[in-house]
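Fold and contact review
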Amino acid sequence: MKGKFISLEGGEGSGKTTAILFIQQWLDKQNINYLMTREPGGTPLAEEIRQLILTPREERVNDVAELLLVFAARAQHLAQKIQPALARGTWVVSDRFLDSSYVYQGHARGGDIAMLDHLADWVVGESKPDATLVLDVPVELGLQRVAERKHADRLDKESNDFHQKVRQGFLDRAATEPERVKVIDASLSLEEVQQQIEAQLVALQQSWTREE
Ligand SMILES: Nc1ncnc2c1ncn2[C@@H]1O[C@H](COP(=O)(O)OP(=O)(O)OP(=O)(O)O)[C@@H](O)[C@H]1O
Ligand SMILES: [Mg+2]
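A quick note: this is a predicted structure, and the numbers were derived from the prediction, not measured.

1. Section: the sheet that holds strand E2 (residues 34-38)
Pairing is parallel in the open sheet, where five strands are placed in the order E2-E3-E1-E4-E5. The open sheet terminates on both sides in strands that have one partner only, identified here as E2 and strand E5 (181-185). On average, each strand axis in the sheet is inclined to that of its neighbour by 20°, with strand direction left out of account. Of the pairings in the sheet, the one linking strand E1 (residues 5-10) to strand E3 (residues 91-95) comprises four bridges and is parallel in character. By the bridge assignment for E3, Ser-7 is matched with Ser-94.

2. Here's the deal with the packing of aromatic side chains
Applying the stated criterion across every chain, the model contains four aromatic pairs. Their ring planes at 70° and their centres at 6.3 Å tell us that Tyr-104 and Phe-170 sit as a pair that is edge-to-face. Residue Tyr-104 is found in helix H4 (residues 98-108), and its partner Phe-170 is found in helix H7 (residues 160-176); the two are separated by 66 residues along the sequence. Side by side, Tyr-104 and Phe-170 carry an identical accessibility label, which is buried. Members of the aromatic cluster, each reached through a chain of ring pairs, are Tyr-104, Phe-162 and Phe-170. One cation-aromatic arrangement involves Arg-74 over Phe-97; the distance from NZ or CZ to the ring centre is 5.1 Å. In this structure, Arg-173 is placed above the aromatic ring of Tyr-102, and the distance from its NZ or CZ to the ring centre is 3.9 Å.

3. Description of the nonpolar core
Leu-8, Ile-23, Leu-27, Leu-135 and Ile-197 are the most contacted members of the largest nonpolar core, which has 22 residues in total. Of all the elements, helix H1 (residues 16-29) adds the most residues to this core, at six residues. If we ignore the near neighbours within four places in the chain, the residues touching Leu-27 are Ile-32, Tyr-34, Met-36, Trp-91 and Val-93. Residues Phe-5, Leu-35, Val-92 and Leu-119 belong to the second largest nonpolar core, which totals 17 residues.

4. Details of the side chain of His-163
Counting through the fold element by element, His-163 comes out in helix H7. According to the relative accessible area criterion, His-163 is buried, its value standing at 5%. Not counting residues within four places of it along the chain, the set of residues in contact with His-163 comprises Glu-12, Val-139, Leu-143, Leu-155, Asp-156 and Glu-158.

5. Section: the UniProt feature "binding site: ATP" (unreviewed entry) in the protein
Within this numbering scheme, the UniProt entry marks Gly-10, Gly-11, Glu-12, Gly-13, Ser-14, Gly-15, Lys-16 and Thr-17 as carrying the feature "binding site: ATP" (unreviewed entry). If you trace the backbone, Gly-13 turns up in the loop between E1 and H1. The contact partners of Gly-13, leaving out residues within four places of it in the chain, are Gly-142, Arg-145 and Val-146. Relative to the helices and strands, Thr-17 resides in helix H1.

Conventions we followed
- Residues numbered from 1 in each chain as written.
- Chains lettered and ligands numbered in written order.
- Predicted model: local features only at pLDDT ≥ 70, side-chain atom pairs only at ≥ 80, totals over all residues.
- Heavy atoms only, no water.
- Pairing = 2+ DSSP bridges.
- Helix = DSSP H or I, 4+ residues; strand = E, 2+ residues; numbered from the N terminus.
- Axes fitted to C-alpha atoms, helices over the stretch in contact; angles between N-to-C directions.
- Phe/Tyr/Trp six-rings, centres within 6.5 Å; stacked < 30°, edge-to-face > 60°.
- Buried < 20%, exposed > 50% of the residue type's maximum accessible area, 1.4 Å probe, protein only.
- Lys NZ or Arg CZ within 6 Å of the ring centre and 35° of its normal.
- Core = buried A, V, L, I, M, F, W, Y, C linked by side-chain atoms within 4.5 Å.
- Contact = heavy atoms within 4.5 Å.
- UniProt positions renumbered as here; feature names shortened; annotations may be inferred.

Next up, the structure:
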């Protein structure tokens, strides 16, 4: 039986990495085999591509170049890690996946959505996530949460307007595909966020068990 594929999405500092740790504990309790991963990245080559994408640099990065780098990393990630895991029945939980491309390279950068659909069909095909949790927070709150912690990468350094587009982009993805994409109000306390995530996981597991 194939494993389930869940992606976590949301803007900078929305709580994706924190949510993943919580999901990991939940999967342990259910005795489900899983693999945690992230994008861009997830394999040695894809992590090298991640560095290329995220390192701040003098040279202006062409939008199409950025888009293709993201999909190159994703092709490697899918072939080497995600698809083999799903095939052996292991669940995969990814910190960001395809929706981030639609939102960052499409919505926020004004990239061609038809081209993204094309690349998604070609590179990802049937391996789209079974479920996606979007952690939604006001832009200022997300940036505030990460401000002290980390040193800003090339995308963190984008304008407020860019981050607003990112937030709206994820909400639009959820509105377009409400069956797959669930929005979590991540502005609440950690405990309340985790309650929402757990409720979604329980509902998903029930619906997947019914399908079997
Ligand atoms: N619900 C919450 N309430 C308060 N603080 C939170 C909440 N969720 C996460 N945090 C804190 O906010 C910071 C950012 O969270 P996290 O690293 O999980 O976000 P992220 O979406 O993975 O960020 P990035 O975009 O940098 O990868 C962390 O210091 C985390 O402990
Ligand atoms: Mg993170």
